[in-house]
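This is what each chain is made of:
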Amino acid sequence: MLTKDYYFDLPEELIAQEPSERRGEDRLLLIDKLTGAYEDHMMADFPSLIHPDSVIVVNNSKVRKARVYGESETGGIVEFLFLGMEEDGTWKCMVTKTKKQRKGKGYVFLLKDGTKSDITGVIERENPDGTRSVRLDRVVDESFFSECGHVPLPPYIKRDDNWNDESRYQTVYAKNIGSVASPTAGLHFTVPLMEKVKSMGIPIYEVTLHVGAGTFLPVRTENIEDHHMHTEHYEITDETADALNRAKSSGKRIVAIGTTSVRTLESAADENGRLSKLYGNTDIFIHPGYSFRFIDDLLTNFHTPESTLLMLVSALAGREHILSAYEHAIKERYHFFSYGDAVFIRG
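The rules we used
Residues numbered from 1 in each chain as written. Predicted model: local features only at pLDDT ≥ 70, side-chain atom pairs only at ≥ 80, totals over all residues. Heavy atoms only, no water. UniProt positions renumbered as here; feature names shortened; annotations may be inferred. Helix = DSSP H or I, 4+ residues; strand = E, 2+ residues; numbered from the N terminus. Contact = heavy atoms within 4.5 Å. Phe/Tyr/Trp six-rings, centres within 6.5 Å; stacked < 30°, edge-to-face > 60°. Buried < 20%, exposed > 50% of the residue type's maximum accessible area, 1.4 Å probe, protein only. Lys NZ or Arg CZ within 6 Å of the ring centre and 35° of its normal. Pairing = 2+ DSSP bridges.

Under an unreviewed UniProt entry, the name given to the protein chain is S-adenosylmethionine:tRNA ribosyltransferase-isomerase, and the organism recorded is Candidatus Ornithospirochaeta stercoravium. What UniProt states about the protein chain under its Pathway (unreviewed entry) heading is, verbatim, "tRNA modification; tRNA-queuosine biosynthesis." Among the UniProt annotations of the protein chain, the heading Catalytic activity (unreviewed entry) holds the following wording: "7-aminomethyl-7-carbaguanosine(34) in tRNA + S-adenosyl-L-methionine = epoxyqueuosine(34) in tRNA + adenine + L-methionine + 2 H(+)".

Structural data, given as structure tokens:
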């Protein structure tokens, strides 16, 4: 399977640069994963499109303001994306102007208004994956990111973050902080929409997967089997796992909201289709040929060409079906990627 087989030509003007005027007022493309047939809908139609014998699973990870600017010893401004703290207390970061950010180089981090904070850091390691391990001069908590951090919008959104992103790039059910990118399928949900779903007797369960660097990284190998995913941490509570295992064993359809929910559930499921590995780190790479153990249906966004996410949805619905539906979406001027429209893949 070749990476180039997952390429499609997307007009740049269809890449959403802003969220919809009101949360939840997005278009929705319904794809039948068995036949490839598709229908145009609105997100408001979602409750009526779910099989009545379903349960829904969302990822409640909360986005950290993980994009921080630092001024180097030579006066240059460097952008850091704080991916997470390592066991030795350093922070693993993606950095701009990577080749210039060498071991031993120091920085002072900037407040949101561009002035200097009193927090400094030094690069302690240059990692094989191109990231840098940075040791700060003190232990920091979330106040550091509140004071210095920016919303980590993906690189295809060609603007600076603003006050609106602080709420709109966060799901309404976000709880556990730790992601460097939003689980964006959940951005389509409003509280009233979730209440409507629950009123239909369809329960909503929460899991946690903290979205990491892999969401930004393209597949650079010719053959997709040669690509290796970054690891991401996930957790499922015992109570949620018991409820989902009961639902699955009784024949309920498992509807995952977003690819991160898929990766959580499929990582946690054993060969018998039962959730048993309830926490840990996962580097699961789902692509065509994968046999799904737990999930049945998926609400997601439109994904970037040649990406692992496009390969995941192709594993669920078939590459030809997905690319045909995407061709229709482009023709009908759907909006793509994080702030774009929704896709519901259903059996």
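More follows now that the structure is in view.
Asks: Requested: an account of the environment of Glu-39, with residues and values cited.
Replies: Checked against the element boundaries, Glu-39 lands in strand 2 (residues 38-42). Spatially, the C-alpha atoms of Glu-39 and Leu-28 are 8.5 Å apart, while their sequence positions differ by 11 residues. Residues contacting Glu-39, with those up to four places away along its chain left out, are Leu-28, Leu-29 and Leu-30.

Asks: For the packing of aromatic side chains, give the residues involved together with the corresponding values.
Replies: In this description, an aromatic ring pair is defined by two values, namely the gap between the centres and the angle between the planes. Scanning the entire structure with this criterion turns up 22 aromatic pairs. Centre to centre, the rings of Tyr-156 and Phe-337 are 4.8 Å apart; their planes meet at 55°, and the pair counts as tilted. With Tyr-156 in the loop between strand 11 (149-150) and helix 3 (165-168) and Phe-337 in the loop between helix 8 (319-331) and strand 18 (342-346), this pair connects stretches of sequence that are 181 residues apart. Its relative accessible area of 5% is what places Phe-337 among the buried residues. Between Phe-336 and Phe-337, the aromatic rings sit 6.1 Å apart at their centres with planes inclined by 85°, giving edge-to-face as the arrangement. For Phe-336, a relative accessible area of 0% corresponds to the buried category. Three or more aromatic residues link up through ring pairs in this structure, and these residues are Phe-8, Tyr-156, Phe-302, Tyr-326, Tyr-334, Phe-336 and Phe-337. Seen from the ring of Phe-145, Arg-64 lies directly overhead, with NZ or CZ sitting 5.0 Å from the centre.

Asks: So what's going on with the pairing of strand 16 (residues 279-282)? Which residues, and what values?
Replies: Taken residue by residue, a regular strand's side chains alternate between the two faces of the sheet. Here strand 16 shows one buried face, formed by Gly-280 and Thr-282, and one open face, formed by Tyr-279 and Asn-281. Pairing of strand 14 (residues 232-235) with strand 16 involves four bridges; the strand directions are antiparallel. Note on strand 16: the bridge partner recorded for His-233 is Asn-281.

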